[in-house]
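# Structure assessment
Single-letter residue listing:
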Amino acid sequence: MIQRLTIIGVGLIGGSLAQALKSAAYVREVVGCGRNEQHLQKAVSLGVIDSYSMSIAEAVQGADMVVVAVPLGAMEACFSEMVGHLPDGVVVTDVGSAKASVVAAAEAVFGELPSGFVPAHPIAGTEKSGVESSFPDLFRQRRVIVTPLPGSSDSAVESVISMWRETGAQTEEMSIQHHDEVLAATSHLPHLLAFGLVDSLRNMDESEDIFRFAAGGFRDFTRIASSDPVMWRDICLSNREALLKVLQQYSSDLSQLTVLVSESDGVALEETFTSAKAARDRYANQLDGWKGSFPAE
Ligand code: NAP
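Bear in mind the structure is a predicted one, so any value in this text is a computation, not a measurement. (Residues numbered from 1 in each chain as written. Predicted model: local features only at pLDDT ≥ 70, side-chain atom pairs only at ≥ 80, totals over all residues. Heavy atoms only, no water.)

## Re the environment of Thr-147
Structurally, the position occupied by Thr-147 is in the loop between β7 (143-146) and α6 (154-166). Take Thr-147: its relative accessible area is 0%, and that puts it in the buried class. Every residue in contact with Thr-147, bar those within four places of it in the chain, is listed here: Lys-99, Pro-119, Ala-120, Met-174, Ser-175, Ile-176 and His-179. (Helix = DSSP H or I, 4+ residues; strand = E, 2+ residues; numbered from the N terminus. Buried < 20%, exposed > 50% of the residue type's maximum accessible area, 1.4 Å probe, protein only. Contact = heavy atoms within 4.5 Å.)

## Remarks on the environment of Leu-17
Positionally, Leu-17 belongs in helix α1 (residues 12-23). Overall, Leu-17 belongs to the buried group, its relative accessible area being 0%. As for Leu-17 and Ser-134, which are separated by 117 residues in sequence, their C-alpha atoms are 8.4 Å apart. Leaving out residues up to four positions away in the same chain, Leu-17 has contacts with Ile-7, Val-67, Phe-139, Met-163, Trp-164 and Thr-167.

## Let's talk about the sheet that holds strand β3 (residues 51-53)
Strand order in the open sheet made by the five strands is β3-β2-β1-β4-β5, with parallel pairing throughout. Two strands lie at the open edges of the sheet, namely β3 and β5 (91-94), each paired on one side alone. Each strand axis lies, on average, 25° off the axis of its neighbour in the sheet, ignoring direction. Sheet topology places strand β1 (residues 2-8) next to strand β4 (residues 65-68); four bridges connect them, and they run parallel. Looking at β4, one finds that Ile-8 is bridged to Val-68. Strands β1, β4 and β5 of the sheet are contacted by helix α4 (residues 75-82), whose axis makes an angle of about 155° with β4. (Pairing = 2+ DSSP bridges. Axes fitted to C-alpha atoms, helices over the stretch in contact; angles between N-to-C directions.)

## Side note on the side chain of Ser-227
Within the secondary structure, Ser-227 sits in the loop between α9 (216-222) and α10 (229-238). A residue is classified by how much of its surface remains accessible, and Ser-227, at 5% relative accessible area, is buried. Polar contacts involving the side chain of Ser-227 include one to the main-chain carbonyl oxygen of Ile-224, which spans 2.7 Å. When sequence neighbours within four positions are dropped, the list of residues in contact with Ser-227 reads Glu-127, His-191, Phe-195 and Trp-232. (Polar contact = N/O pair within 3.5 Å; in protein donor to acceptor, adjacent residues only side chain to side chain.)

## A closer look at the packing of helix α7 (residues 176-202) against helix α11 (residues 240-262)
Orientation of α7 relative to α11, taken along the N-to-C sense of each, is 60°, at an axis distance of 9 Å. Read as a crossing pair, α7 and α11 show a hand that is right-handed. Contact with α7, carried on its side by Asp-180, Glu-181, Ala-184, Ala-185, His-188, Leu-189, Leu-192 and Leu-193, involves Ala-242, Leu-243, Lys-245, Val-246, Leu-247 and Tyr-250 of α11 and no other residues of that element. Broken down by class, the residue content of the contact of α7 with α11 amounts to 10 nonpolar, one polar and three charged. (Left-handed = near helix turned anticlockwise from the far one by under 90°. Nonpolar A, V, L, I, M, F, W, Y, C, P; charged D, E, K, R; others polar.)

## Remarks on the site of the ligand
Taken together, 29 residues are adjacent to the ligand, and Leu-12, Arg-35, Val-70, Ser-97 and Gly-130 come closest. Contacts to the ligand include Gly-130, whose backbone N or O atom sits 2.7 Å from an oxygen atom. Computed on the free molecule, the ligand has an accessible area of 880 Å², of which 89% lies beneath the protein chains in the complex. (Near = heavy atom within 4 Å. Areas by Shrake-Rupley, 256 points an atom, 1.4 Å probe, with all protein chains shown as cover.)

## Some details on α7
The first and last C-alpha atoms of α7 sit 36 Å apart over 27 residues, in line with the 39 Å expected at 1.5 Å per residue. Within α7, the axis deviates most sharply at Ala-184, by approximately 50°. Those residues of α7 that fall on the buried side of the exposure criterion are Ile-176, His-179, Asp-180, Leu-183, Ala-184, Ser-187, His-188, Leu-189, His-191, Ala-194 and Leu-201. (Expected span 1.5 Å × (residues − 1). Bend = angle between axes of the 7 residues up to and from the residue.)

## Brief notes about the packing of aromatic side chains
Under the counting rule described, the total for this entry stands at four aromatic pairs. On the basis of an interplanar angle of 80° and a centroid distance of 5.7 Å, the ring pair of Phe-79 and Phe-117 is categorised as edge-to-face. Within this pair, whereas Phe-79 is found in helix α4, its partner Phe-117 is found in the loop between α5 (100-110) and β6 (120-123), the two being separated by 38 residues in sequence. The exposure class of Phe-79 is buried, given its relative accessible area of 0%. The buried category is assigned to Phe-117, whose relative accessible area is 2%. By way of ring pairs, the aromatic residues Phe-79, Phe-110 and Phe-117 are connected into one cluster. (Phe/Tyr/Trp six-rings, centres within 6.5 Å; stacked < 30°, edge-to-face > 60°.)

## Quick notes on the side chain of Thr-171
Inspection of the secondary structure assignment puts Thr-171 in strand β8 (residues 170-173). Judged by relative accessible area, Thr-171 falls into the buried class, the value being 16%. Separated by 3.2 Å, the side chains of Thr-171 and Arg-165 make a polar contact. Beyond its immediate chain neighbours, meaning those up to four positions away, Thr-171 contacts Val-144, Val-146, Ile-161, Trp-164 and Arg-165.

And the structure:
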């Protein structure tokens with residue numbers, strides 16, 4: 001059980017984690033930290049955190065677990081404020097959607113990484129942000145990827161895995177590089193495409209009619225374009241190399257589809273769609289506890 005959990009960034013993910021651990025009675029006390037005091041007061045009034053501090057140095061005092069749940073672009077500044085203030089034996093983890101950039105940020109700040117540092121990433125979310133959108137079941141039957149570093153202590157890795165299992169999630173260990181390549185394809189590329197498609201349609205002459213007559217397919221495909229632009233800017237830049245690789249592959253596949261349409265090649269189009277449908281159906285069938293909506297990530 002965690003005695004004192006400090007959550008830096010009490011938004012959708014940080015707030016949901018706090019609620020899940022409270023529901024499981026796996027934490028005695030939750031301290032929040034952020035930039036905006038009104039958001040933290042809201043988090044207290046919702047019962048998500050017990051108390052808060054506007055100072056990271058103060059918030060981590062006495063903690064046995066610190067979770068950094070801020071946008072990727074803010075990780076380094078948060079780590080900097082911890083230097084010299086982390087209690088002995090504390091476990092530090094994060095929830096960032098790309099992992100190499102978080103480790104680089106921690107290395108830039110700490111030099112040699114503390115053995116209590118274990119990066120992780122819950123593959124769960126929604127297109128909403130902020131503590132008001134957080135809920136305790138967000139991670140239930142979802143996956144959390146834990147990416148231990150060579151210097152991470154076994155006990156710290158165990159603590160992070162145990163914490164996430166208490167939320168109802170399944171945990172999986174993976175290397176940082178593999179995580180970033182897989183997530184570039186399954187999450188970062190689809191978000192970039194959704195934002196790009198909506199922006200492209202918005203710029204077309206008939207955009208008013210396009211949006212007026214858009215139906216369920218458009219809504220399903222573009223839901224994630226309602227996600228937070230700052231968060232997704234940070235993710236695309238933080239995982240730039242891996243994202244560029246899948247983006248180039250996808251651009252080439254899209255050019256191929258353009259050729260098929262321009263040449264009226266119905267046979268090849270049908271083959272492509274049939275293979276895609278089979279893959280999509282297999283995926284949907286495998287999803288545990290799928291209730292008609294997918295996690296944002
Ligand atoms: P969110 O709802 O916007 O929450 C982010 C929190 O961080 C806010 O409470 C904000 O509080 C605080 N914050 C923002 N900028 C900050 C800064 N510069 N310095 C300190 N605190 C700052 O976002 P989220 O969806 O929970 O995402 C948080 C992290 O989870 C990101 O790293 C993201 O990559 C990762 N993640 C997101 C999802 C998803 O689908 N949303 C899924 C998995 C992982 P104040 O405004 O009060 O400062």
